[in-house]
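# Chains, contacts and geometry: an overview
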Amino acid sequence: MPRVTEEHRERRRRQILDAARSCFARKGFHETSLQDIFKESGLSAGAVYRYFRSKDELIGAIAARSQPLVAALLEEILGEEELPPLDEIVARFAHGVIERMGPSGVVRIAPQAWALAMYNPTIHVAIGGLLGDVRLWWTRVAERLRDEGRLPPDCDPKAVAIVLTSIIPGLILQRLLLGEDADVETTRAGLHALLAVDQRPVEGSAL
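All figures in this text were calculated on a predicted structure; none of them were measured in a lab.

## Digging into the packing of aromatic side chains
- In total, this model carries five aromatic pairs according to the counting rule given.
- Aromatic side chains Phe 93 and Trp 137 sit 6.2 Å apart centroid to centroid with 50° between the ring planes, which places their arrangement in the tilted category. Remark: Trp 137 occurs in helix H7 (residues 121–147) and Phe 93 occurs in helix H5 (residues 86–98); sequence separation between them is 44 residues.
- Of the aromatic side chains, those joined through ring pairs into one cluster are Phe 93, Trp 137 and Trp 138.
- Here Lys 55 stacks its cationic end above the ring of Phe 29, 4.7 Å away from the centre of that ring.

Below is the structure:
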């Protein structure tokens, strides 16, 4: 019986979180009321409050729920015997993220969560944990590429990770605000061009 009860609780949590995510994606965090979430989920106020006491808790839980999905996507790449080129790694990660950018996808509410994390401690912990995990993963990728001679031996893996971590949030914002011309292949092409740049001073320049 305890197993059935726990499965029931998990189903209820998913039902509520899915409803909240749909509402936040459709109306925005501030314009969504708890009554909207009750209606979307088909549950009573009491049933929802049994699991979540506020919208802040809901968006924190949505972020935490995304963490293992992102981790699985990244670990799949890092677990390969031979790492692909860096632009391909970024493209595969970006593709996995964009797949989750549907009308009620979790990525559509990500910028709202980032903004809320600036002043809400609960959401700050959830978003900071997710972002920190992604940056740590990119650090591991950079270390491996460096050890394989595919990055300069004196490069700082953390510095590389900070730059790479910033790519996907930028892509998300551009797609949401500017349109779908900011796509995976364009991002990969741009990164490929940057990686191919010869940074030595041009002969005769002042550098």
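## Points about H5
- With 13 residues, H5 should reach 18 Å at 1.5 Å per residue; the first-to-last C-alpha distance of 18 Å fits that figure.
- The element H5 is extensively covered by neighbouring structure, given that 10 of its 13 residues are classed as buried.
- When H5 is considered as a whole, its buried residues turn out to be Leu 86, Asp 87, Ile 89, Val 90, Ala 91, Phe 93, Ala 94, Gly 96, Val 97 and Ile 98.
- Residues of H5 that are buried make contact with helix H4 (55–78), H7, helix H8 (157–178) and helix H9 (184–195).

## Points about the packing of H5 against H9
- Where H5 meets H9, the axes come as close as 9 Å, and the angle between the chain directions of the two elements is 160°. As the angle between them shows, H5 and H9 are arranged roughly antiparallel. Judged by the sense of rotation from one axis to the other, the crossing of H5 with H9 is right-handed. Residues Leu 86, Asp 87, Glu 88, Val 90, Ala 91, Ala 94, His 95 and Ile 98 of H5 form the contact with H9, whose own contacting residues are Val 184, Arg 188, Leu 191, His 192 and Leu 195.
- Classifying every residue of the contact of H5 with H9 by side-chain character gives eight nonpolar, two polar and three charged.

Conventions used here
Residues numbered from 1 in each chain as written. Predicted model: local features only at pLDDT ≥ 70, side-chain atom pairs only at ≥ 80, totals over all residues. Heavy atoms only, no water. Phe/Tyr/Trp six-rings, centres within 6.5 Å; stacked < 30°, edge-to-face > 60°. Helix = DSSP H or I, 4+ residues; strand = E, 2+ residues; numbered from the N terminus. Lys NZ or Arg CZ within 6 Å of the ring centre and 35° of its normal. Expected span 1.5 Å × (residues − 1). Buried < 20%, exposed > 50% of the residue type's maximum accessible area, 1.4 Å probe, protein only. Contact = heavy atoms within 4.5 Å. Axes fitted to C-alpha atoms, helices over the stretch in contact; angles between N-to-C directions. Parallel < 35°, antiparallel > 145°, perpendicular 65-115°, else oblique. Left-handed = near helix turned anticlockwise from the far one by under 90°. Nonpolar A, V, L, I, M, F, W, Y, C, P; charged D, E, K, R; others polar.

Keep in mind that these numbers describe shape and distance, not what the molecule does.
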